[in-house]
Amino acid sequence: MGLATFTGGIHPFEGKALSENQPMEILMPRGDLVYPLSQHIGAPAKPLVKKGDPVLVGQKIAEAGGFVSAPVIASVSGTVKAVQKHLTAGGSMVDSIIVENDGKYEKTEGFGRERELESLSRDEILACIREAGIVGLGGAGFPTHVKLAPKDPGKIDYVIINGAECEPYLTSDYRRMIEEPEKVVGGLRVILKLFDGARGVIGIEDNKPEAIKKMTELVKDDPRIEVCPLKTKYPQGGERVLIYAVTGRKINSSMLPADVGCIVDNVDTAAAVYMAVVRGEPLITKTVTVTGDAVAKPKNLVVRLGTCYQELIDAAGGFASEPEKIISGGPMMGQAMFDLQVPVAKNSSSLTCLTHDEAAAMEPTACIRCGRCVSVCPGRVVPQKLYRAALKHDLDLFVKLNGMECCECGCCSFVCPAGKPLTQSFKEMRKAVAAARRK
Amino acid sequence: MAGLLNVSSSPHARSGVVTSHIMGDVIIAMIPAAVFGVYQFGAHAAVVLLATVLSCVLSEYLFEKLMNRPVTVGDLSAVVTGLILGLNMPPDIPVWIPCLGGVFAIIVVKQLYGGLGQNFMNPALAARCFLLVSFAGKMSSFTWTSRVPASIDAVSGATPLAMLKAGTPLGTDEITAMFIGNIPGTIGEVSTLALLIGAAYLLARKVIHIRIPAAYILTFAVFVYIFGKQDAGYVLAHLCGGGLIFGAFFMATDYVTSPITPAGQIVFGVILGILTGLFRIFGSSAEGVSYAIIIGNLLVPLIEKYTLPVAFGKEGKRA
């Protein structure tokens, strides 16, 4: 009996040894804090403050701009310096609230007021989560209060906490699971309260035995929760393959996990839910792994949202050698950045600084149809054929070949011996198809 | 930070495996068969192998130079083509014939269709068939005398397959000789043992998948059993004889000219098994592997079209 997993996938260099034994360290911001109004999927938030306004820690400074949206919470006290466009990790300029930190960290009234979970109603729990500005912290940034309110809550029979952390180099979820497992489990219990008929499953890759041990120990007396060790294989933490590994159910790109009775939340999201609902603290910090062979002292930092990435690098001892590539996120799905004057946002997970850019080091050669892209694809499409559709920019053919089932995990590009930019071109095609469909 | 940072779309990691590594593995896998061929047939076999490899590499180099294209001999694919072609040659063939084959394989079959990855037939096999048609006599003359006295030696010149075709029954000794390679035949196809060692290497290195060879060999065995003789020795002799093992593991698995879809690879193997069986049992020639693979190559686009995998989560919903 093998471990729960999926077909396909790859085993990239893990790189986790750099930072996995570094305990979480709190980093206080020095400079101004920048809060982009779009740190989530959905409508941008609408600012509630203007230049010159005072703000407090935990104060809602921007309101959700629609149903699928999330508010933005100040992580320091101080004065609003400006509301203007600012560069984000994604490379685009986004409307942002810039706050000058007064260093006092004065909190709003009610910040940290603990609540009894038992006494809360379903709507109260969802309201807490919404007001805390919580979104999917694994990277996607889908507003959590929307995810936790599916059409038919009675149909949900699995709440899966994603502790796979399959992305190379990242160790923030791992540290969270071994240092604050009670927060993760606490968050899962909050979510389970919303779904009476559901079981809680914490999926963790078996390259994190310590986390599996800690979590198992913590939930051993809870009949509703179990830990599911997963085979270490990228992209084990991808939502679709995780659901399959845990439940044997399959969803495609046009379905939601709730369609097969599942809710999937990241470890960090669960911890944030716990903090918001039980401990009364909105989402104002994020654990970020600062790592890579270019960094002097790789670390797992607990930083206030809005902190400038440069401060994280400084906290990690600066660069030991010159980086060729700096990635917000890990090497498989992260965003390469050209500037470090970018704020930590809700979907930041790591800052990976590499002295050598493997992707650029290879000139594409002829496709020899070796089929490696086909065998690693967790979405079971044929990247070789999709690529030909992409080269011709043939949207119809791309869709016909199931191009929209691509999860952009990067496995095909990783293995391609011809160095073709497969995933890269599929991302462009998927955007183009989505844009065409909106018309 | 003095320099500018690299910015590109993810993923930012690569496995590090490139085409030349894969081709290198294929070359390594053919070394046992090549060494055995030279040991078995003598120095002239080595000259033939060298001639095909050199003519393939030189043809590729010169063609690309003349066409002002980037020279790609470094990917080692021409070496692989040359080696496969050489291993498919009778050991005592005049050297100019394999040289001509190399030129044909690279220029006509590969480069004229756009180079690596664009040819629709296996270049080495297409060249072999071209030579078979053009120089039938020289290409199918296997004069050979065994170094060790063996029973097959009595009919020096006739391959075991030709004997099977003629209705001569082969015993355990003959089949053992076929497995080891102590028989007449082309340079690389005679030793089943040496070929299987190379095949095991390719499988272990995950250069090839077992799907095509397994489907091919199994189908062929069943076909021969049904339409040939219901006799284990007969079937075994067919499996060890001719180019079946060489073809199944080294030529049918050629990436460019075999289906990329997993289901398609099974279908492809089954088709090759049936075609080879047809040619060997009902055809006029004792051999059939080369033609079976060449015809199979032509069917690849069609096979792929109908064997596209069902995307994850789309089972049962195919439009």
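Given the structure is predicted, the values throughout are model-derived calculations rather than measurements. (Residues numbered from 1 in each chain as written. Chains lettered and ligands numbered in written order. Predicted model: local features only at pLDDT ≥ 70, side-chain atom pairs only at ≥ 80, totals over all residues. Heavy atoms only, no water.)

Visitor: Go over the overall build of chain B, please, and point to the residues and values.
Guide: From N to C terminus, chain B includes 14 helices and zero strands. Taken from N to C terminus, the helices and strands of chain B fall in the order α-α-α-α-α-α-α-α-α-α-α-α-α-α. Scaling as 2.2 N^0.38, a compact globule of 319 residues should have a C-alpha radius of gyration of about 20 Å, and chain B matches this with 21 Å. Projecting the C-alpha coordinates of chain B onto the three principal axes gives extents of approximately 80 × 50 × 35 Å. With the model as given, the accessible surface of chain B reaches about 13,000 Å², and the carbon-plus-sulfur share is 70%. Each charge sign in chain B was given a centre, from 17 positive and 14 negative side chains, and these centres are 11 Å apart. (Helix = DSSP H or I, 4+ residues; strand = E, 2+ residues; numbered from the N terminus. Rg over C-alpha atoms; globule rule 2.2 N^0.38 Å. Areas by Shrake-Rupley, 256 points an atom, 1.4 Å probe, with all protein chains shown as cover. Lys, Arg positive; Asp, Glu negative; His and termini not counted. Charge placed at Lys NZ, Arg CZ, Asp CG, Glu CD.)

Visitor: Help me get a handle on the pattern of salt bridges, residues and values and all.
Guide: Residues and elements named next belong to chain A. Across all of its chains, the model carries 32 salt bridges over all chains by this definition. Aspartate 314 serves as the salt-bridge partner of arginine 30, at 3.3 Å between the closest nitrogen and oxygen. Of this pair, arginine 30 sits in the loop between β1 (24-27) and β2 (33-36) while aspartate 314 sits in helix α8 (residues 309-315), and the two are 284 residues apart along the sequence. The salt bridge partner of lysine 85 is aspartate 95, with a shortest N-O separation of 3.4 Å. One end of the pair, lysine 85, is in strand β7 (residues 78-87); the other, aspartate 95, is in strand β8 (residues 93-101), with 10 residues separating them in the sequence. Judged by relative accessible area, aspartate 95 falls into the partly exposed class, the value being 38%. Bridged by salt links that share partners, the residues Arg176, Glu180, Lys183, Asp268 and Lys286 form one connected network. (Salt bridge = Lys/Arg side-chain N within 4 Å of Asp/Glu carboxyl O. Buried < 20%, exposed > 50% of the residue type's maximum accessible area, 1.4 Å probe, protein only.)

Visitor: Requested: an account of the domain arrangement of chain A, with residues and values cited.
Guide: Residue and element names in this part refer to chain A. Each domain of chain A was delimited in the assignment, giving domain 1 (24-110 + 282-354), domain 2 (117-277) and domain 3 (372-438). A separation of 29 Å is found between the C-alpha centroids of domain 2 and domain 3. Taken together, the contact between domain 2 and domain 3 spans seven residues of the former and eight residues of the latter. Linking domain 2 to domain 3 there are one salt bridge. Looking at the side of domain 2 that touches domain 3, its residues break down into three nonpolar, two polar and two charged. (Domains from an automatic or database assignment. Contact = heavy atoms within 4.5 Å. Nonpolar A, V, L, I, M, F, W, Y, C, P; charged D, E, K, R; others polar.)

Visitor: For helix α8 (residues 172-180) of chain B, give the residues involved together with the corresponding values.
Guide: Residues and elements named next belong to chain B. Residues of α8 that are buried: Glu174, Ile175, Ala177 and Met178. In an axial view of α8, the angular spread of the buried residues amounts to 155 degrees, which keeps them on one side of the axis. Exposed residues on α8 whose side chains face more than 90 degrees from its buried face are Thr172 and Asp173. On the buried face of α8, the contacting elements are α7 (160-166), α9 (192-204) and α11 (232-240). Within two residues after α8, glycine 181 carries a phi angle of roughly 115 degrees, on the positive side. (Arc of directions from axis to C-beta.)

Visitor: So what's going on with the packing of aromatic side chains? Which residues, and what values?
Guide: Under the defined criterion, the tally for this structure stands at 11 aromatic pairs over all chains. Ring centres of Tyr244(A) and Phe312(B) lie 5.6 Å apart, and the angle between their planes is 90 degrees; on these two criteria the pair is classed as edge-to-face. In this pair, Tyr244(A) is assigned in helix α6 (residues 239-247) and Phe312(B) in the segment after α14 (289-306), connecting two distinct chains. The exposure class assigned to Tyr244(A) is partly exposed, which follows from its relative accessible area of 24%. The side chain of Arg122(A) reaches across the aromatic face of Phe195(A), ending 5.9 Å from its centre. Seen from the ring of Phe6(A), Lys233(A) lies directly overhead, with NZ or CZ sitting 4.5 Å from the centre. (Phe/Tyr/Trp six-rings, centres within 6.5 Å; stacked < 30°, edge-to-face > 60°. Lys NZ or Arg CZ within 6 Å of the ring centre and 35° of its normal.)

Visitor: Which residues make up the interface of chain B and chain A, and what values go with them?
Guide: Listed as interface residues are 41 residues of chain B and, on the opposing side, 59 residues of chain A. Carbon and sulfur atoms supply 57% of the area that chain B and chain A bury against each other, a total of about 4,300 Å² over both sides. Considering only the side of chain B, the residues that lose the most area to chain A are His12(B), Arg14(B) and Phe312(B), jointly responsible for 23% of the buried surface there. At the junction of chain B and chain A, the tally comes to five salt bridges. (Buried area = accessible area lost by both parts, 1.4 Å probe.)

Visitor: Go over the domain arrangement of chain B, please, and point to the residues and values.
Guide: Residues and elements named next belong to chain B. The domain architecture assigned to chain B consists of domain 1 (19-139) and domain 2 (157-306). Centre-to-centre separation of domain 1 and domain 2, based on C-alpha positions: 20 Å. With 34 residues of domain 1 at the contact, the number on the domain 2 side is 33 residues. Summed over both sides, the interface of domain 1 with domain 2 buries roughly 2,700 Å², with 71% coming from carbon and sulfur. Among the residues domain 1 hides against domain 2, the three largest losses belong to Asp25, Phe36 and Leu125. Together they make up 18% of the total. Scanning the region where domain 1 abuts domain 2 turns up one salt bridge. Across the pair arginine 205 and aspartate 25 runs a salt bridge, and its minimum N-O distance is 3.0 Å. Put simply, the parts of the chain that give the side of domain 1 that touches domain 2 at least two residues each are α1 (19-41), α2 (43-66), α3 (77-87) and α5 (123-134). In terms of residues, the side of domain 1 that touches domain 2 owes the most to one element, α1, which gives 12 residues.

Visitor: Account for the packing of α5(B) against α14(B), naming residues and giving values.
Guide: Residue and element names in this part refer to chain B. In contact at an axis separation of 10 Å, α5 and α14 are set at 125 degrees when each is read in the N-to-C sense. Put simply, α5 runs oblique to α14. In this structure, α5 crosses over α14, and the sense of that crossing is left-handed. From α5, Leu125, Ala126, Arg128, Cys129, Leu132 and Val133 reach across to α14, where they touch Ser290, Tyr291, Ile293 and Ile294. Looking at the contact of α5 with α14 residue by residue, the class counts come to eight nonpolar, one polar and one charged. (Axes fitted to C-alpha atoms, helices over the stretch in contact; angles between N-to-C directions. Parallel < 35°, antiparallel > 145°, perpendicular 65-115°, else oblique. Left-handed = near helix turned anticlockwise from the far one by under 90°.)

Visitor: Any details on the confidence of the model for chain B? Residues and values, ideally.
Guide: All names here are of chain B. Here chain B shows a mean pLDDT of 91. Residues at 70 or above account for 93%. Confidence drops under a pLDDT of 50 for residues 148-155, and excluding neighbours within four residues, the segment shows 13 contacts in the predicted structure. Reported confidences for the modelled complex are a pTM of 0.92 and an ipTM of 0.90. (pLDDT = per-residue confidence, 0-100.)

Visitor: Describe in detail a nonpolar patch on the surface, supporting the description with residues and values.
Guide: Residue and element names in this part refer to chain B. Taken together, the side chains of Val222, Tyr225, Ile226, Phe227, Ile274, Leu278 and Phe282 make up a nonpolar region of the molecular surface, amounting to roughly 660 Å² of accessible area. Going through the elements one at a time, α10 (211-227) and α13 (262-282) are the ones with two or more residues in the nonpolar patch. The biggest single contributor to the nonpolar patch is α10, with four residues. Within the secondary structure, tyrosine 225 sits in helix α10. We classify tyrosine 225 as partly exposed; its relative accessible area is 42%. (Patch = residues over 30% accessible without salt bridge, like charges linked within 9 Å, V, L, I, M, F, W, Y side chains within 5 Å.)

Visitor: Please give an account of the environment of Glu14(A) that cites residues and values.
Guide: Residue and element names in this part refer to chain A. With respect to the element layout, glutamate 14 can be found in the segment before β1. Expressed as a C-alpha distance, the spacing of glutamate 14 and tyrosine 169, which sit 155 residues apart in the sequence, is 5.8 Å. The residues contacting glutamate 14, other than those within four sequence positions of it, are Pro168, Tyr169, Asn207 and Thr232.

Visitor: Before we move on, could you go through the side chain of Thr307(B) and cite the residues and values that matter?
Guide: Residues and elements named next belong to chain B. Relative to the helices and strands, threonine 307 resides in the segment after α14. Classification of threonine 307 as buried rests on a relative accessible area of 12%. Of the polar contacts made by the side chain of threonine 307, one reaches the side chain of threonine 261; its length is 2.7 Å. Within the local environment of threonine 307, its side chain forms a polar contact with the backbone oxygen of isoleucine 303, the two atoms lying 2.7 Å apart. (Polar contact = N/O pair within 3.5 Å; in protein donor to acceptor, adjacent residues only side chain to side chain.)

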